[in-house]
Amino acid sequence: MNRKQVFVWSRRIRLFHWINVIAILLLIAIGTVILNGKILGISTEGKVLLKTIHVLVGYVFASNLIFRLITAFVGKGYERWHKILPFKKGFKAELVEFTQGKKLAYKGHSPAGKLMVLALLSVMTVQMISGLVIAGTDIYYPPFGQYFAENIAVDKDNIAAIKPYSKENVNAAAYQVMRDFRKPFITAHVYAFYCLLLLIPLHIIGVIMAERREKSALISAMFNGYKYLPKNKPDEH
Ligand code: HEM
C-alpha cells in the first residue's frame, strides 16, 4: 500500500460532470436528427417538436454549465479556475515535464487535462450562447424569444399569434433581418457541435491513457471524489 487516498472532486463537480454528460448525449442525438431532418423526411410539426425538446434539454445543459462557470469563481480547491485551466505561471514547464513522462500522478488535472478542460468549456460555452440565440429566433423560446417575436410582429399587441414557421402577424422584412442575424449563430452552433464530436472521444481516450499511466483511479474519482496517489510524491497541481 504505497498509495494514499486523496479527496479531489467535490460533490457539485461530480454532479455537474454527470448531468453534463447526459445532457450532451441527448443534445447530440436530437441535434443529429434535426440536422438530417430533410433526409429523414421530418414534417414541420415534427421539426418544431424536436427543436422544443432539444431546447428544453438545452436549458438543463445551460443551467448546469452556468452553475459550473460561477463555481469556478466562487468555489473551493479544485473547483476554481486556477486549478483547472492552463494559465497558471509555470504551466509550460509543467507541460514539458508531463510530455517527458517525468511526473506520473496529479492531484487535479494533468497539463494535457487542463488543455482539454479549456477546449471543452470554451466549445460548450459557444454551444450554449448560440443555442439560446437560435432558440429565440426559431421557436421564440426564452431568454430572447419574446424580444424577437416583438421585433417581427406587425401587431405588437398580438405577440401570441407569432408561431414557428407561420407567417401570421409577421412583418416579412423584419423576419428576413432576424433570419440574417441568426445565420452566424447557426454556423457557430453546427461547428461547435462538430468540435464536440471530436473532443469527446479525445477526452475519453485521454482519461483512459492517463489512468493506465497514473493508476490513481481517476475514473472512479469522478463518482466518489477520491484519487489514489503515490505516498512519496505529494503533488498539489
Ligand atoms: C452540447 C450541447 C448542444 C449540442 C451538441 C447541440 C447540437 C445541435 C445540432 C447538431 C443542431 C442541428 C443544427 C441545424 O440543423 O442547423 C442543433 C440545433 C438547434 N439547437 Fe442545439 N445543441 C446543443 C445545445 C443547445 C442549447 C443549449 C440550445 C438552447 C437552449 C440549443 C438550441 C438549438 C436550436 C433552437 C436548434 C435548431 C436550429 C435550427 O433551426 O436548425 N442547442 N443543435
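Here goes a summary of the coordinates provided.

## A look at the layout of surface pockets
When its volume is computed, the largest pocket comes out at roughly 1,200 Å³. Those elements giving two or more residues to the lining of the largest pocket turn out to be α1 (11-35), α6 (111-138), α8 (172-214) and α9 (218-224). Tallying contributions element by element places α8 first for the lining of the largest pocket, with twelve residues. For the lining of the largest pocket, a count of residues per class yields 28 nonpolar, eight polar and four charged. By volume, the second largest pocket is sized at about 840 Å³. Along the walls of the second largest pocket sit 34 residues, with Gly31, Ile34, His54, Ile134 and His189 positioned nearest its centre. At the level of elements, α1, α2 (37-40), α3 (44-74), α6 and α8 are the ones that each hand at least two residues to the lining of the second largest pocket. Per element, the largest residue contribution to the lining of the second largest pocket is eight residues, and it comes from α3. Here the lining of the second largest pocket is composed, by residue class, of 20 nonpolar, eight polar and six charged.

## Structural notes on α8
In this model α8 runs 61 Å from its N-terminal to its C-terminal C-alpha over 43 residues, within 8% of the 63 Å that 1.5 Å per residue would give. Most pronounced at Lys183, the bend in α8 amounts to some 30°, and the proline Pro184 follows within four residues. All of the buried residues in α8 are Met178, Arg182, His189, Ala192, Phe193, Leu196, Leu199, Ala210 and Glu214. Those residues of α8 that are buried lie in contact with β1 (3-7), α1, α3, α6, α7 (145-152) and α9. For α8, the capping residue at the N-terminal end is Asn171, with a side-chain oxygen 3.0 Å from the backbone nitrogen of Ala173.

Here is what the cut-offs are and how they apply
- Residues numbered from 1 in each chain as written.
- Predicted model: local features only at pLDDT ≥ 70, side-chain atom pairs only at ≥ 80, totals over all residues.
- Heavy atoms only, no water.
- 1 Å grid on protein atoms, 1.4 Å probe; cavity = no way out; pocket = protein on both sides within 12 Å on 5 of 7 lines; lining within 4 Å.
- Points joined across faces, edges and corners; volume = space filled by probe spheres on them.
- Helix = DSSP H or I, 4+ residues; strand = E, 2+ residues; numbered from the N terminus.
- Nonpolar A, V, L, I, M, F, W, Y, C, P; charged D, E, K, R; others polar.
- Expected span 1.5 Å × (residues − 1).
- Bend = angle between axes of the 7 residues up to and from the residue.
- Buried < 20%, exposed > 50% of the residue type's maximum accessible area, 1.4 Å probe, protein only.
- Contact = heavy atoms within 4.5 Å.
- Polar contact = N/O pair within 3.5 Å; in protein donor to acceptor, adjacent residues only side chain to side chain.

Distances and angles like these do not, on their own, reveal function.
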